[in-house]
Amino acid sequence: MPQTKPPRRMDAHRETGSPCAWAFGHRLKSSPKISPCRPVSPWLNSANNGRAVTFSGTENWDCSLQGFTIQKNSAYAYGGGIAGNGCEASIMYCKFINNSISGNGACINNVDGIIDRNVFGAYDVNESWISSNIASGAGGACYDCDGIIRLNIFWCNQASSGGALAYCGDTVTAGDTRHGFILSNWFIKNRSASVYGGGGAMDMCNGNTIMSNMFWKNEVIYAYTTGGAMSYYYPLKLKQNTFVSNTANGPYGEGGAIYDSYGTDEGPNGVNGITNFIFWDNSDSTTYAYDDLGVPSTTNIRNCYTIQNLTTLVGANHSGCIGDANGPGFITQSFDGTNFHDFLHLDTDPMSSCIDRGYTIIVTL
């Protein structure tokens, strides 16, 4: 594929390993044509001597960074790979590998634009787990990114809390269609690795809508940790997500899939709720049977698939929920790193009982 050389000043910054920045309205691409989820060269690599990109904070949606591999960058605060400083730039078709930070957001910190069709981390089907991007604080991939996060793959990222995302979403304003959306992403084998940490994939967010995401084998691994996949999330809408084989199995771990998370306007008449989820094969270490979810008793749970005893959890605040030992009816639960067209898709022959629940995202690597 022909390559379009970035501006000379980007080359100079990349060669020295120092941060690069550019003015409002500029667009940097590594290639004139890039397929979704197929990041290509050139690389932004500081050889662990500082972050790759620093925005001024004034950039808006007309500014974008597209198609770079951002790897082996490290920093002590505000983004191992990219520091956004509150900008609304778009980050698209990039790949983030082996970035780290002694703080929050190993890949991206405080970018409030569109984070779209990127790959965060690396996956090895032959390894039980392998770390890629690591934050000693929160957000192994992204921290404080309050725009639209959609159609990304997050795999094998690690942080003390929020293995992939932390504090993303922020408080939304009525009618705002550009902030607080986390939509149609894959979260695979992300990890929260700290005592009292939480959210193997996502931790501590509000926002507008979290919808149509897939969570598989995310984990919290230490004592008193919560939410193998999701912990302390309170968007307006929380619906149609799928959670499979997530764990909170450290001592006193609670909520194998989610813990204390709900849509604040998702239930009937604007009460707290969860709608159209699929929960399967999640586990925690408590004796309270919170293998799938541990949520407040006031949470209204509707049209979900789970074998957990919801009456014990929320009393009568559940309706339309199903679940049995046969499982949701996936085509396959075996993942080879590429088979997104089969993996965790609901079967139609025979017809899955969950066909109107959860959501399966199709991506192309």
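Below or above, wherever it landed, is the structure these notes cover. (Residues numbered from 1 in each chain as written. Predicted model: local features only at pLDDT ≥ 70, side-chain atom pairs only at ≥ 80, totals over all residues. Heavy atoms only, no water.)

Another aspect to go through is the packing of aromatic side chains. Going through the model one piece at a time under the given rule, you end up with 24 aromatic pairs. Considering the side-chain rings of Tyr232 and Tyr259, the 5.7 Å spacing of their centres and the 80 degrees angle between planes classify their relative orientation as edge-to-face. Pair noted here: Tyr232 is in strand S27 (residues 230-233) and Tyr259 is in strand S31 (residues 258-259), with a separation of 27 residues, a long-range link. A relative accessible area of 18% places Tyr259 in the buried class. Taking NZ or CZ as reference, Arg178 lies 3.9 Å from the ring centre of Trp61, over its face. (Phe/Tyr/Trp six-rings, centres within 6.5 Å; stacked < 30°, edge-to-face > 60°. Helix = DSSP H or I, 4+ residues; strand = E, 2+ residues; numbered from the N terminus. Buried < 20%, exposed > 50% of the residue type's maximum accessible area, 1.4 Å probe, protein only. Lys NZ or Arg CZ within 6 Å of the ring centre and 35° of its normal.)

Within the secondary structure, Tyr252 is located in the loop between strand S30 (247-248) and S31. Judged by relative accessible area, which is 55%, Tyr252 ranks as exposed. Measuring from C-alpha to C-alpha, the distance between Tyr252 and Thr226 comes to 8.6 Å, with 26 residues separating the pair along the chain. Excluding anything up to four places from it in sequence, Tyr252 contacts Tyr224, Thr225, Ser285 and Thr286. (Contact = heavy atoms within 4.5 Å.)

Side chains of Val195, Tyr196, Tyr222, Tyr224 and Tyr252 sit close together on the surface and give an oily, nonpolar patch of about 600 Å² of accessible area. Among the structural elements, Tyr224 can be located in the loop between strand S26 (219-220) and S27. (Patch = residues over 30% accessible without salt bridge, like charges linked within 9 Å, V, L, I, M, F, W, Y side chains within 5 Å. Areas by Shrake-Rupley, 256 points an atom, 1.4 Å probe, with all protein chains shown as cover. Salt bridge = Lys/Arg side-chain N within 4 Å of Asp/Glu carboxyl O.)

Here we come to the pairing of S27. Across three bridges, the pairing between strand S23 (residues 202-205) and S27 is parallel. Bridged to Asp203 within S27 is Ser231. Alignment of S27 against S31, held across two bridges, turns out to be parallel. Bridging from a neighbouring strand, Met230 pairs with Ile258 of S31. (Pairing = 2+ DSSP bridges.)

This part covers unusual backbone geometry. In this model, Asp349 is joined to Pro350 through a cis peptide bond whose omega is 0 degrees. With respect to the helices and strands, Pro350 occurs in the segment after strand S37 (318-319). Positive phi values are uncommon outside glycine, yet Lys72 reaches one of about 55 degrees. Looking at the element boundaries, Lys72 is found in the loop between strand S5 (69-71) and strand S6 (74-75). Judged by relative accessible area, Lys72 falls into the partly exposed class, the value being 41%. A positive phi angle, close to 60 degrees, is found at Asn269, a residue other than glycine. Secondary-structure assignment places Asn269 in the loop between S31 and strand S32 (273-275). Asn269 sits in the exposed class, given a relative accessible area of 82%.

Moving on, we get to the pattern of salt bridges. Across all of its chains, the model carries four salt bridges by this definition. Put simply, Asp116 and Arg117 hold a salt bridge, and the shortest N to O gap is 2.6 Å. Of the charged contacts in the structure, one is a salt bridge between Arg150 and Asp116, with a shortest N-O distance of 2.7 Å. Separated by 34 residues along the polypeptide, Arg150 in strand S16 (residues 148-150) and Asp116 in strand S12 (residues 114-116) bring together distant segments of the chain.

Once that is clear, we can look at the nonpolar core. Counting 52 residues, the largest nonpolar core has Ile82, Ile108, Cys142, Leu165, Met202 and Ile258 as its most contacted members. If you list the elements that add at least two residues to this core, you get strand S7 (82-87), strand S11 (108-111), S23, S27 and helix H2 (310-314). When residues in this core are grouped by element, the largest group, three residues, is from H2. Residues within four places of Leu165 in sequence aside, it is in contact with Gly139, Cys142, Ile149, Phe154, Ile182, Phe187, Ala201, Met202, Asp203 and Tyr233. Membership of the second largest hydrophobic core comes to 21 residues, among which are Trp155, Cys156, Ile278 and Leu344. (Core = buried A, V, L, I, M, F, W, Y, C linked by side-chain atoms within 4.5 Å.)

Read from one edge to the other, the open sheet built from nine strands follows the order S3-S7-S11-S15-S19-S23-S27-S31-S35, with strand pairing classed as parallel. The open sheet has two edge strands, strand S3 (53-54) and strand S35 (293-294), and neither has a second partner.

Here the focus is the pairing of S11. The pairing of S7 with S11 spans three bridges and is parallel. By the bridge assignment for S11, Cys87 is matched with Val111. Alignment of S11 against strand S15 (residues 142-143), held across two bridges, turns out to be parallel. Bridging from a neighbouring strand, Asn109 pairs with Tyr143 of S15.

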